[in-house]
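Residues per chain are reported as follows:
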Amino acid sequence: MSVLRSRPVLRWLVPATAAVAVIGGGAAIGTFAAEAEPSLPPRTAAQLLVDLQTSRLEGLSGTVVQRADLGLPPLVGLLPGNELTTMLTGTHTLRVWYSGPDKQRVALLDTLGEQDVIRNGRDLWTWQSRTNTATHRALGDKAGAFKPAPDPAASLPATPQQAADLALGAIDPSTEVSVGRSATVAGRDSYELVLQPRDRDSLVHQLRIAIDAKQHVPLRFEVLAKGSDQPAFEVAFTQVDYRRPDADQFTFNPPPGVTVTEEKAERPAGRPGHVKPEADPGVRAVGDGWTTVLVARLDDALDGGPAAAKPATPPAGAAADVDVSKLLGGLPAVSGDWGSGRLFSTRLFTVLLTDDGRVLAGAVTPERLYQAARS
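Residues numbered from 1 in each chain as written. Predicted model: local features only at pLDDT ≥ 70, side-chain atom pairs only at ≥ 80, totals over all residues. Heavy atoms only, no water.

**A closer look at the nonpolar core**
Working step 1: Leu60, Leu193, Leu207, Phe221, Phe233, Phe237 and Val351 are the most contacted members of the largest nonpolar core, which has 45 residues in total.
Working step 2: Looking at this core, the element that brings in the most residues is strand S10 (residues 204–212), giving 5 residues.
Working step 3: Counting residues in hydrophobic clusters, the runner-up holds 12 residues, among them Leu352, Leu369, Ala372 and Ala373. (Core = buried A, V, L, I, M, F, W, Y, C linked by side-chain atoms within 4.5 Å. Buried < 20%, exposed > 50% of the residue type's maximum accessible area, 1.4 Å probe, protein only. Helix = DSSP H or I, 4+ residues; strand = E, 2+ residues; numbered from the N terminus.)

**Comments concerning the side chain of Glu192**
Working step 1: Examined against the element boundaries, Glu192 turns out to sit in strand S9 (residues 188–197).
Working step 2: We note that Glu192 is buried and unpaired, the nearest opposite charge coming from Arg220 at a distance of 4.4 Å.
Working step 3: A polar contact is formed between the side chain of Glu192 and the backbone nitrogen of Arg181, at a distance of 3.3 Å.
Working step 4: Each residue touching Glu192, except ones within four places of it in the same chain, is listed here: Leu48, Ser178, Val179, Gly180, Arg181, Arg208, Ile209, Ala210, Arg220 and Glu222. (Lys, Arg positive; Asp, Glu negative; His and termini not counted. Salt bridge = Lys/Arg side-chain N within 4 Å of Asp/Glu carboxyl O. Polar contact = N/O pair within 3.5 Å; in protein donor to acceptor, adjacent residues only side chain to side chain. Contact = heavy atoms within 4.5 Å.)

**Notes on the pattern of salt bridges**
Working step 1: The tally for this structure, following the rule as stated, stands at 12 salt bridges.
Working step 2: Here Arg105 makes a salt bridge to Glu114, at a shortest N to O gap of 4.0 Å.
Working step 3: For Arg358, the salt bridge is made with Asp356, and the minimal N-O distance between the two is 3.1 Å.
Working step 4: The class for Asp356 is partly exposed, based on a relative accessible area of 36%.
Working step 5: Here the salt bridges share partners, and the residues they tie into one network are Arg105, Glu114 and Asp116.

**Remarks on the sheet that holds strand S14 (residues 283–286)**
Working step 1: Judged by pairing direction, the sheet is antiparallel, and its 6 strands sit side by side in the order S14-S15-S19-S18-S17-S16 without closing on themselves. Only two strands of the sheet have a single neighbouring strand rather than two, namely S14 and strand S16 (333–336). If you compare each strand with its neighbour and ignore which way they point, the axes differ by 25° on average.
Working step 2: Where strand S18 (residues 350–354) lies against strand S19 (residues 358–362), 4 bridges are found, and the strand directions are antiparallel. For Leu353, the partnering residue across the bridge sits in S19 and is Val359. (Pairing = 2+ DSSP bridges. Axes fitted to C-alpha atoms, helices over the stretch in contact; angles between N-to-C directions.)

**Examining unusual backbone geometry**
Working step 1: Positive phi outside glycine occurs at Asn132, with the angle close to 50°.
Working step 2: You can see Asn132 is positioned in the loop between strand S5 (123–128) and strand S6 (133–138).
Working step 3: Its identity is not glycine, yet Ala186 carries a phi of approximately 50°, on the positive side.
Working step 4: Relative to the assigned elements, Ala186 resides in the loop between strand S8 (183–185) and S9.
Working step 5: With relative accessibility at 24%, the residue Ala186 sits in the partly exposed group.

**Quick word on helix H3 (residues 45–54)**
Working step 1: Ala45, Leu48, Asp51 and Leu52 are the residues of H3 that are buried. Projected down its long axis, H3 shows its buried positions confined to an angular sector of 115°, all on one face. More than 90 degrees from the buried face of H3, the exposed residues found are Ala46 and Gln53.
Working step 2: Its buried side turned inward, H3 meets helix H5 (160–169), strand S7 (175–179), S9, S10 and strand S11 (218–225). (Arc of directions from axis to C-beta.)

**What to know about the packing of aromatic side chains**
Working step 1: The tally for this structure, following the rule as stated, stands at 4 aromatic pairs.
Working step 2: Measuring from centroid to centroid gives 6.4 Å for Trp127 and Phe252, while their planes differ by 50°, and the two rings are tilted. Here Trp127, found in strand S5, pairs with Phe252, found in the loop between strand S12 (231–241) and strand S13 (259–263); they are 125 residues apart in sequence, far enough to count as distant. Here Trp127 matches Phe252 in class, with each residue buried.
Working step 3: Centroid distance Trp338 to Tyr370: 5.1 Å. Interplanar angle 10°. Geometry classified as stacked. A residue pair is termed long-range when its members are at least 10 positions apart, and Trp338 in the loop between S16 and strand S17 (339–345) and Tyr370 in helix H8 (residues 366–374) qualify at 32 residues.
Working step 4: The structure contains a cluster of three or more aromatic residues connected by ring pairs, namely Trp125, Trp127 and Phe252.
Working step 5: A cation over a ring is seen here: Arg105 above Trp97, with NZ or CZ 4.8 Å from the ring centre. (Phe/Tyr/Trp six-rings, centres within 6.5 Å; stacked < 30°, edge-to-face > 60°. Lys NZ or Arg CZ within 6 Å of the ring centre and 35° of its normal.)

**Digging into the pairing of strand S4 (residues 113–120)**
Consecutive side chains of a regular strand alternate in pointing toward one face of the sheet and then the other.
Working step 1: The pairing of strand S3 (residues 103–110) with S4 spans 8 bridges and is classified as antiparallel. Note that in S4 the partner of Asp110 across the bridge is Gly113.
Working step 2: Bridge count between S4 and S5: 6 bridges; the pairing is antiparallel. Pairing of Ile118 across the sheet is with Trp125, part of S5.
Working step 3: Taking the residues between adjacent antiparallel strands as the criterion, S4 and S5 are bridged by 2 residues, where Gly121 takes a positive phi near 65°.

**Some remarks on the confidence of the model for the chain**
Working step 1: Chain-level pLDDT for the chain is 76 on average; 69% of the residues reach the 70-or-more range.
Working step 2: Long-range and interchain partners of residues 304–322, a stretch whose pLDDT sits below 50, account for 35 contacts in this model, where long-range means more than four residues apart. (pLDDT = per-residue confidence, 0-100.)

**Describing the pairing of S14**
Working step 1: Across 4 bridges, S14 lies against strand S15 (residues 293–297) in antiparallel orientation. Looking across to S15, one finds that Val283 is bridged to Ala296.
Working step 2: In textbook terms, the turn of a hairpin is the stretch between consecutive antiparallel strands, and for S14 and S15 this stretch comprises 6 residues, one of which, Gly287, has a positive phi near 85°.

The following block contains the structure:
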């Protein structure tokens, strides 16, 4: 069984930190091949924001490479299936096609197979080549635009556009917006929009969005952690074509032997990777902007339902999963006027598991979590 399905705490922690991973940082992983800076007419940050909001894209296809090394501790390898490590580390290649708000496709390619999400009018298909299984859902008349991503509930943003949407939605007075250096991305001259938190408790140094100078489409998205001048997370086009893809790209033909599941319930329209903790009654947000802290009960998060509080380190012989016990027990012990517990920290995010049964997480310093724990 998937650890993300059996352990709801991971289900909301991973997308939450991915959404701020887009709001977060990690170990330096290097950049895509650099090219000489193009000479472009000056544009202000306000003009670039307007460009992003008013762009009208009729068609697009291309190859996207996503790279992440978020500095996860080795003990994360104790988790069954290593899904957390897989999602938040390494390099992933995707093919994307876009032909209007009701025709999109994303294919995640790896050494073991392919995962596709295809929107074609009111039909939404997902397909896993490894298991040769597919699901189909009929969307409602008011489904609106849908930006598919493989495993949208638990993945980092699949494209620069998705990452930019999340980042731009987070702009508030706590964000400093400026123009960076011009760049060439996927052979296209691009401006760079830079977002930087003003709050010192954020683990983020900067978010950088490379915007096509002519088409006004995000071509690259980078996250820099504090103390580093190299991106910790980046997703970028390595090849892009603005011609409208052939209609055949959005027609799903089930391969021989595929098991197809028809889903009746329609998933509410939304942005993949966009986390709304308030939608889960067991999770609440403390603070706002770059230093938001998510809080849940540890038992609710691990067991999927209310239960009596239990310590962050399960006792020997407990029924809890052995790997999770080792994971929690291997974390550094911390304490203060807020109580005591265990701390899980990377350059991207910090998680505090208190002995009175709470989980607090955010792309913030441990001190900000301790402050939230006091309340």
